[in-house]
Amino acid sequence: MAHVVVIGAGIGGMTVAYDLRAELDKKQHRVTVIGDKDIFEFTPSNPWVAVGWRDRKTTTVDIKKSLGKKGIELIASAVTKIDAEQNSLTLMNEQSVSYDYLVITTGPKLAFDEVPGLGPHNGHTQSVCTLSHAEHSFENFKALSKEPGPVVVGAVQGASCFGPAYEYAFILESELRKRKQRDRVPMTFVTSEPYIGHLGLGGVGDSKSLLESALRKRHIKWITNAKTTRVEDGVMHVDEHDDAGQVIRQHELPFKHAMMLPAFKGVDPVAAVEGLCNPRGFVLIDGKQRNPKYPNIYSAGVCVAIPPVEQTPIPTGTPKTGYMIESMVTAIVHNIAAELAGKEPQETATWSAICLADMGDTGAAFVAIPQIPPRNVTWFKEGKWVHLAKIAYEKYFLKKMKAGSTEPIYEKYTLKAMGIKRLKSEG
Ligand SMILES: Cc1cc2nc3c(=O)[nH]c(=O)nc-3n(C[C@H](O)[C@H](O)[C@H](O)COP(=O)(O)OP(=O)(O)OC[C@H]3O[C@@H](n4cnc5c(N)ncnc54)[C@H](O)[C@@H]3O)c2cc1C
């Protein structure tokens, strides 16, 4: 009998747990999820939470019930230590858990501390990275709405997740228009990307023109190659660079409301394991999603190490998005099943990007196969249908988490909404 333990009950962890339970013999093998809470939060809804279009109730799932129904044990206590040599974990509640296979899906540690004054706890900027951050940001937005003033939205140096920054800028803009307050809110988008629409992916199709045009149409100014050097109460200090990385202009941007995405790192107990991670604390994996030093440790999602698509004047990382995570999870499940059957793991993830970015009342969708250019497929389109497809994606994902279904959401719904029948070939 094998015990497979999954750390982290987010998009990757919940999906891998349901798929493992469906794939592995229930009588022979145990599957346990260790999360730091007993709810699942659907992170892609957070930009909507930050303007009051969604709330905690509509974007979370009670996972004790859902996992229990499927025969998956849940321990809601954070992992504080991983002893990879002894195949054992220590939890916040001082419990010890041993495993035969470990799947690490702990998402990001948010590196607000890398920019003085950044972040919602010890700084002056908001975040939509977690549900509680988005709730906090909504309170700050309400204050803006009472007393309108300038807004800054964007992503700092080292960030890898740019989509939600664009989403939030457009969603906020749309909500301000609805409130007839947009005329009193000058908006600036500040990003470490070398150009608008780079997205940490070297651009996707004509994402540059499309997103520049979308910002222009909405009168949102932008600063690219931007390094946010510090944030004070109501003022953001930003150095703008040229393509050679030289400072060409220093900005002092006043704001009433600012939402800046931070750089990501790996969470502490994962980063602390000798030989498991790269210097930023992201889990090193081979083509089969396995750690080279500890082959019974697999990993998926934002916590895995992926090199940047290209070097940029101001550092940027590569995003790890839902479709890619879904494919990493599928590879892990087949590979653990193969190992338990005494076979060599064979499956590799596709590492392609398919995304729906909401823009409030319209949206932009893109497909990048493979993720790193040059590509076989690049596709980028804008339209109201993307806004509707994103609502459908949220609905189906939450339904899947509640029911413990193993339906591949991207293959089944998102691609269909894009008018793509099925990705026959990733190559
Ligand atoms: C605001 C935002 C919007 C996004 N929108 C999209 C989108 O629309 N489409 C898309 O494809 N991608 C999107 N992404 C990117 C990506 O799909 C999400 O970040 C996704 O949540 C990543 O899944 P994950 O499982 O890797 O990490 P997470 O979903 O963050 O899950 C990690 C879990 O591990 C838990 N954890 C951490 N440390 C421990 C510990 N020590 N012990 C136990 N548990 C722990 C965390 O609390 C969390 O529950 C978005 C990202 C952000 C930040």
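See the structure printed just above.
Here goes a summary of the coordinates provided. (Residues numbered from 1 in each chain as written. Predicted model: local features only at pLDDT ≥ 70, side-chain atom pairs only at ≥ 80, totals over all residues. Heavy atoms only, no water.)

**Describing the site of the ligand**
In the vicinity of the ligand lie 33 residues, with Gly12, Asp36, Lys37, Gly322 and Lys390 positioned nearest. Between the ligand and the protein, one listed contact pairs an oxygen atom with a backbone N or O atom of isoleucine 11 at 3.3 Å. Taking threonine 43, its side chain carries an N or O atom lying 3.4 Å from an oxygen atom of the ligand. For the ligand, whose accessible area on its own is 980 Å², the fraction buried by protein is 90%. Of all the secondary-structure elements, those providing two or more residues to the shell around the ligand are helix H1 (11-23), strand E2 (29-35), helix H9 (322-340) and strand E20 (353-358). Along the lines of polarity and charge, the residues of the shell around the ligand split into 18 nonpolar, 11 polar and 4 charged. Three or more residues apiece are contributed to the shell around the ligand by two domains, here domain 1 (2-109 + 265-351) and domain 2 (112-262). (Near = heavy atom within 4 Å. Polar contact = N/O pair within 3.5 Å; in protein donor to acceptor, adjacent residues only side chain to side chain. Areas by Shrake-Rupley, 256 points an atom, 1.4 Å probe, with all protein chains shown as cover. Helix = DSSP H or I, 4+ residues; strand = E, 2+ residues; numbered from the N terminus. Nonpolar A, V, L, I, M, F, W, Y, C, P; charged D, E, K, R; others polar. Domains from an automatic or database assignment.)

**Some details on the sheet that holds strand E8 (residues 96-98)**
An order of E6-E7-E8 is seen for the 3 strands of this open sheet, with the pairing classed as antiparallel. The sheet is open, and its two borders are formed by strand E6 (79-83) and E8, each paired with just one other strand. Within this sheet the neighbouring strands show an average axis-to-axis angle of 20 degrees, counted without direction. Two elements, E6 and strand E7 (residues 88-91), share 4 bridges in a ladder whose sense is antiparallel. Bridging across to E7, valine 79 finds its partner in leucine 91. (Pairing = 2+ DSSP bridges. Axes fitted to C-alpha atoms, helices over the stretch in contact; angles between N-to-C directions.)

**Looking at the side chain of glutamate 167**
Inspection of the secondary structure assignment puts glutamate 167 in helix H6 (residues 163-178). Setting aside residues no more than four positions away along its own chain, glutamate 167 makes contact with Pro47, Leu356, Ala357, Asp358 and Lys390. (Contact = heavy atoms within 4.5 Å.)

**Re the pairing of E2**
Among the 7 residues of E2, 6 are classified as buried, and the element is accordingly described as predominantly covered. When strand E1 (residues 2-7) meets E2, the two strands line up parallel, connected through 6 bridges. Looking across to E2, one finds that histidine 3 is bridged to arginine 30. As for the winding sense of the linkage, the β-α-β connection from E1 through H1 to E2 is right-handed. Bridge count between E2 and strand E5 (residues 73-76): 4 bridges; the pairing is parallel. Within E5, the position partnered with valine 33 by the bridge is leucine 74. (Buried < 20%, exposed > 50% of the residue type's maximum accessible area, 1.4 Å probe, protein only. Right-handed = clockwise from strand over helix to strand, strands pointing away.)

**Section: a positive patch on the surface**
Judged by side-chain charge, Lys26, Lys65, Lys69 and Lys70 come together as a positively charged surface patch. Its place among the elements puts lysine 65 in helix H4 (residues 63-69). Look at lysine 65 and you get exposed, because its relative accessible area is 60%. (Patch = residues over 30% accessible without salt bridge, like charges linked within 9 Å, V, L, I, M, F, W, Y side chains within 5 Å. Salt bridge = Lys/Arg side-chain N within 4 Å of Asp/Glu carboxyl O. Lys, Arg positive; Asp, Glu negative; His and termini not counted. Charge placed at Lys NZ, Arg CZ, Asp CG, Glu CD.)

**Digging into unusual backbone geometry**
Between isoleucine 369 and proline 370 the backbone carries a cis peptide bond, its omega angle lying at -10 degrees. Mapping proline 370 onto the fold places it in the loop between strand E21 (363-369) and strand E22 (377-382). Cis rather than trans, the peptide bond between proline 373 and proline 374 has omega equal to 0 degrees. Tracing the backbone through its elements, the reader meets proline 374 in the loop between E21 and E22. One non-glycine residue with positive phi stands out, namely leucine 199, at about 65 degrees. When you line up the elements, leucine 199 lands in the loop between strand E12 (187-191) and helix H7 (207-217).

**Concerning H7**
All of the buried residues along H7 are Ser207, Leu210, Leu211, Glu212, Ala214 and Leu215. Its buried side turned inward, H7 meets H6, strand E13 (220-223), E21 and E22. Of the residues flanking the end of H7, it is histidine 219, one or two places downstream, whose phi is positive at about 60 degrees.

**Re the sheet that holds E2**
The parallel open sheet is built from 5 strands, whose spatial order is E5-E2-E1-E9-E19. Of all the strands in the sheet, just E5 and strand E19 (297-299) have a single pairing partner and so form its edges. Direction aside, the axes of adjacent strands within the sheet are offset by 20 degrees on average. Across the sheet, H1 touches E1, E2 and strand E9 (101-104), and the angle it forms with E2 is around 170 degrees.

**Comments concerning the packing of helix H5 (residues 131-146) against H6**
Relative orientation and spacing of two packed helices are given, respectively, by the angle between their axes and the distance between those axes. Look at H5 against H6: their axes get within 12 Å of each other, and the N-to-C directions meet at 40 degrees. In terms of orientation, H5 lies oblique with respect to H6. Of the two elements, H5 crosses H6, and the hand of that crossing is right-handed. Contacts from Ser137, Phe141 and Leu144 in H5 reach Tyr168, Leu172, Glu175 and Leu176 in H6. For the contact of H5 with H6, the per-class residue count stands at 5 nonpolar, 1 polar and 1 charged. (Parallel < 35°, antiparallel > 145°, perpendicular 65-115°, else oblique. Left-handed = near helix turned anticlockwise from the far one by under 90°.)

**Side note on the nonpolar core**
Phe40, Ile82, Leu89 and Ile104 are the most contacted members of the largest nonpolar core, which has 73 residues in total. The element best represented in this core is H9, accounting for 10 residues. Those residues within four positions of isoleucine 104 in sequence are excluded, and the remaining contacts are Ile7, Ile82, Val270, Leu276, Val283, Ile297, Tyr298, Ser299, Ala300 and Cys303. Judged by nonpolar contacts, the second largest core, of 64 residues, contains Val152, Tyr168, Ala169 and Met236. (Core = buried A, V, L, I, M, F, W, Y, C linked by side-chain atoms within 4.5 Å.)

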